[in-house]
Amino acid sequence: MIRTKKELRFYIQEDRKRNGQDRGQIRYLMSLMAGSEQAHAFKYLKCLRHEEYHLNNRGFLHKLLATYFRIHLGRMGLRYSISIRPNICGYGLKIMHLSGGGILINCNRIGNYCSVNSGTLIGNVGSTENRPVIGDYVAFGPGAKAFGKITIGDNVFVAPNAVVTKDVASNCVVAGIPAKLLKETKLEDNIVYQKYKK
């Protein structure tokens, strides 16, 4: 959770790098005007991080700004077909594509350096308590879905159009409806892990 300005800057910096926008403000603005998916994805995430920061702090000004960013985020969400609940996504979240289907993330937690694609749906079954918990370095292919009170471990790739309804162990690829183990992997071989490990 983002509570300090230092944490806010860190989350935004990691999201910026993961979405390919760490090239200077002018190039970022030009990418926005040119209609770059990654630039608009980062714009959404930046607004989300500001809402999280103000939600997690007390005071009238924080409450006012949290309301402003919630409204702004809601308007952007309708435009881009994205809905992500605040305070559930770790830093370094990457939105691969905006076009081709909406993105809904409504889980208890999604870890650091994860990525989602168009058509990704992560949500509850029945009550709001029955939501997934997702580890670090998890990637969802286009149209991938995860539902219910399940746990997806670290370094997992959910193949396109797979539907995850049961727990998934770390370091593997799952595919199918319902999703089943396709093959095992190693965290050390994960390209994102190699690039961003702390």
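Before any of the text, the structure's been laid out above.
So, how was this worked out
Residues numbered from 1 in each chain as written. Predicted model: local features only at pLDDT ≥ 70, side-chain atom pairs only at ≥ 80, totals over all residues. Heavy atoms only, no water. Helix = DSSP H or I, 4+ residues; strand = E, 2+ residues; numbered from the N terminus. Rg over C-alpha atoms; globule rule 2.2 N^0.38 Å. Buried < 20%, exposed > 50% of the residue type's maximum accessible area, 1.4 Å probe, protein only. 1 Å grid on protein atoms, 1.4 Å probe; cavity = no way out; pocket = protein on both sides within 12 Å on 5 of 7 lines; lining within 4 Å. Points joined across faces, edges and corners; volume = space filled by probe spheres on them. Nonpolar A, V, L, I, M, F, W, Y, C, P; charged D, E, K, R; others polar. Salt bridge = Lys/Arg side-chain N within 4 Å of Asp/Glu carboxyl O. Pairing = 2+ DSSP bridges. Contact = heavy atoms within 4.5 Å. Arc of directions from axis to C-beta. Core = buried A, V, L, I, M, F, W, Y, C linked by side-chain atoms within 4.5 Å.

Peer 1: Teacher, can you tell me more about the overall build of the chain here?
Peer 2: Per the secondary structure count, the chain includes five helices and 14 strands. Compactness check: the chain gives a C-alpha radius of gyration of 17 Å against a globular reference of 16 Å for 198 residues, within 12% of the reference. In terms of overall dimensions, the chain has C-alpha extents of about 45 × 40 × 35 Å along its principal axes. In the chain, buried positions account for 46% of the 198 residues.

Peer 1: When you look at the layout of surface pockets in this model, what are you seeing that I'm missing?
Peer 2: The computed volume of the largest pocket comes to approximately 360 Å³. What lines the largest pocket is a set of 22 residues, among which Tyr137, Ala139, Val156, Phe157 and Asn190 lie closest to the centre. Along the lines of polarity and charge, the residues of the lining of the largest pocket split into twelve nonpolar, six polar and four charged. In this model, the second largest pocket occupies a volume close to 150 Å³.

Peer 1: What am I meant to see in the pattern of salt bridges here?
Peer 2: Opposite charge on two side chains lets them pair, provided their charged atoms get close. Enumeration over the complete set of coordinates arrives at five salt bridges. Here Arg109 ties to Asp136 by a salt bridge, and the two come within 3.4 Å at their closest N and O atoms. On the criterion of sequence distance, the pair formed by Arg109 in strand E4 (residues 109–110) and Asp136 in the loop between strand E7 (133–134) and strand E8 (139–140) is long-range, its members being 27 residues apart.

Peer 1: Explain the sheet that holds strand E9 (residues 145–147) to me, please; I cannot follow it from the model alone.
Peer 2: Strands in a sheet are paired, the pairing made by backbone hydrogen bonds, and the direction either parallel or antiparallel. If you trace the five strands from one edge of the open sheet to the other, you get E1-E3-E6-E9-E12, paired in parallel fashion. Of all the strands in the sheet, the pair left with one neighbour each is strand E1 (82–84) and strand E12 (163–164). Judged from the two bridges that link them, strand E3 (residues 103–105) and strand E6 (residues 121–123) form a sheet pairing that is parallel. Considered in E6, the bridge of Ile105 is made with Ile122.

Peer 1: For this particular structure, what's the right way to read unusual backbone geometry?
Peer 2: Working note: non-glycine residues mostly have negative phi, and peptide bonds are mostly trans. The amide bond that connects Ile177 to the next residue, Pro178, takes the cis arrangement and shows omega of -5 degrees. Structurally, the position occupied by Pro178 is in the loop between strand E13 (172–175) and strand E14 (180–184). Of note, the phi angle at Asn171 is positive, near 60 degrees, even though the residue is not glycine. With respect to the helices and strands, Asn171 occurs in the loop between E12 and E13.

Peer 1: Is there a simple way to think about the side chain of His40 in this case?
Peer 2: One can find His40 in helix H3 (residues 37–55). Excluding residues that lie within four positions of it along the chain, His40 makes contacts with Leu32, Gly35, Tyr80 and Leu98.

Peer 1: When you look at helix H2 (residues 25–34) in this model, what are you seeing that I'm missing?
Peer 2: Each α-helix turn comprises 3.6 residues. Residues three or four places apart therefore point the same way. The set of residues buried in H2 consists of Tyr28, Ser31 and Leu32. All buried residues of H2 fall inside an arc of 100 degrees around its axis, so they share one side. Facing away from the buried side of H2 by over 90 degrees, the exposed positions are Ile26, Met33 and Ala34. Buried residues in H2 make contact with H3. Among the residues trailing H2, Gly35 stands out with phi positive, at a value near 85 degrees.

Peer 1: Got a minute to help me understand the nonpolar core in this structure?
Peer 2: When a protein is soluble and globular, its nonpolar side chains tend to lie buried together. Core analysis: the largest hydrophobic core is formed by 37 residues, its most contacted members being Ile84, Ile95, Ile105, Phe140 and Ile152. Counting residues per element, the ones that place at least two in this core are H3, helix H4 (60–80), E1, E3, strand E11 (156–158) and E13. In terms of residue count, H3 provides more of this core than any other element does, five residues in total. Not counting chain neighbours up to four residues away, the residues in contact with Ile105 comprise Ser83, Ile84, Arg85, Ile88, Cys89, Val116 and Ile122. By size, the runner-up hydrophobic cluster in this structure holds 13 residues, among which are Leu8, Tyr11, Leu32 and Tyr113.

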